[in-house]
Amino acid sequence: MSDAVGPGDLVLCVNAAPNHATGRPTPLQAGETYRVIAVMEFACPCGRSDALLDVGIDFAWCQTRFRLLPKPKTQARTRRVSAPKEKETIR
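Residues numbered from 1 in each chain as written. Predicted model: local features only at pLDDT ≥ 70, side-chain atom pairs only at ≥ 80, totals over all residues. Heavy atoms only, no water.

## Topic: the sheet that holds strand S4 (residues 52-54)
Heads up, the rule is: For two strands to count as paired, DSSP must find a minimum of two bridges between them. Working definition: helices are DSSP H or I runs of at least four residues, strands are E runs of at least two. Numbering for both runs from the N terminus.
Spatial ordering of the open sheet is given by S3-S4-S5, a layout of three strands whose pairing is antiparallel. A strand with exactly one partner marks an edge of an open sheet, and here the two such strands are strand S3 (38-40) and strand S5 (61-62). Relative to S5, S4 runs antiparallel, the two sharing two bridges. From the neighbouring strand, Leu52 faces S5, where its bridge partner is Cys62.

## Looking at the sheet that holds strand S1 (residues 10-13)
Stated formally: Interaxial angle, 0 to 180 degrees, is taken between N-to-C directions of lines fitted to C-alpha atoms, where a helix line uses only the stretch in contact.
Taken in spatial order, the three strands line up as S2-S1-S6 in an open sheet, and their pairing is antiparallel. Of all strands in the sheet, those with a lone pairing partner are strand S2 (33-35) and strand S6 (66-68), marking the two edges. Neighbour to neighbour, the strand axes of the sheet diverge by 35° on average, direction disregarded. Pairing of S1 with S6, which is carried by three bridges, proceeds in the antiparallel orientation. Within the sheet, the bridge partner assigned to Cys13 lies in S6 and is Phe66.

## Description of the nonpolar core
So the rule is basically this: Only buried residues count toward a nonpolar core, which is a set of Ala, Val, Leu, Ile, Met, Phe, Trp, Tyr and Cys residues joined through side-chain atoms within 4.5 Å. Using a 1.4 Å probe on the protein chains alone, a residue whose accessible area is under 20% of its type maximum counts as buried, one over 50% counts as exposed, and one in between counts as partly exposed. Contacts are assigned to residue pairs that have any heavy atoms within 4.5 Å of one another.
Judged by nonpolar contacts, Val5, Val11, Cys13, Leu28, Tyr34, Val36, Leu53, Val55, Trp61 and Phe66 together constitute the single largest core of 10 residues. Sequence-distant contacts of Cys13, defined by excluding residues within four places in its chain, comprise Leu28, Gln29, Ala30, Gly31, Glu32, Tyr34, Arg65 and Phe66.

## Focus on the packing of aromatic side chains
Selection rule: Two rings from Phe, Tyr or Trp (for Trp, the six-membered ring) form a pair when their centres are within 6.5 Å of each other. A pair whose planes differ by under 30 degrees is stacked, one over 60 is edge-to-face, and the rest are tilted.
In total, this model carries one aromatic pair according to the counting rule given. Considering the side-chain rings of Tyr34 and Phe66, the 6.3 Å spacing of their centres and the 80° angle between planes classify their relative orientation as edge-to-face. Here the residue Tyr34 occupies a position in strand S2, and Phe66 occupies one in strand S6, the gap between them amounting to 32 residues.

## Section: the side chain of Asp9
In plain terms, the rule: The term polar contact refers here to a pair of N or O atoms within 3.5 Å; inside protein, the definition further demands a hydrogen-donor-capable atom paired with an acceptor-capable atom, and it admits residues adjacent in sequence only when both atoms are side-chain atoms.
Considering the arrangement of structural elements, one finds Asp9 in the segment before S1. Polar side-chain contacts of Asp9 include one of 2.8 Å to the backbone nitrogen of Gly6. Within the structure, Asp9 has its side chain in polar contact with the side chain of Lys71 (distance 3.1 Å). Excluding residues that lie within four positions of it along the chain, Asp9 makes contacts with Ala4, Tyr34, Arg35, Val36, Leu68 and Lys71.

Printed below as a string of structure tokens:
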């Protein structure tokens, strides 16, 4: 996943289990979306991932805790063009 994730991408937290390195509770919430600040190419101590994601909470988290959300597609909107109204003069 590290090659697909970059700074600014949105990721969904799917695993809010305690920190697997320290055993402390994690401040992440399962089902919440987070914006990636940085991707650090570093083998996680758990051995399951090749990168750590910095989402602005504590330090960095194993990428296996997250799933990449698709980028929103831009939708073309039709806009109204204002045209001057024609006035009829009645005498």
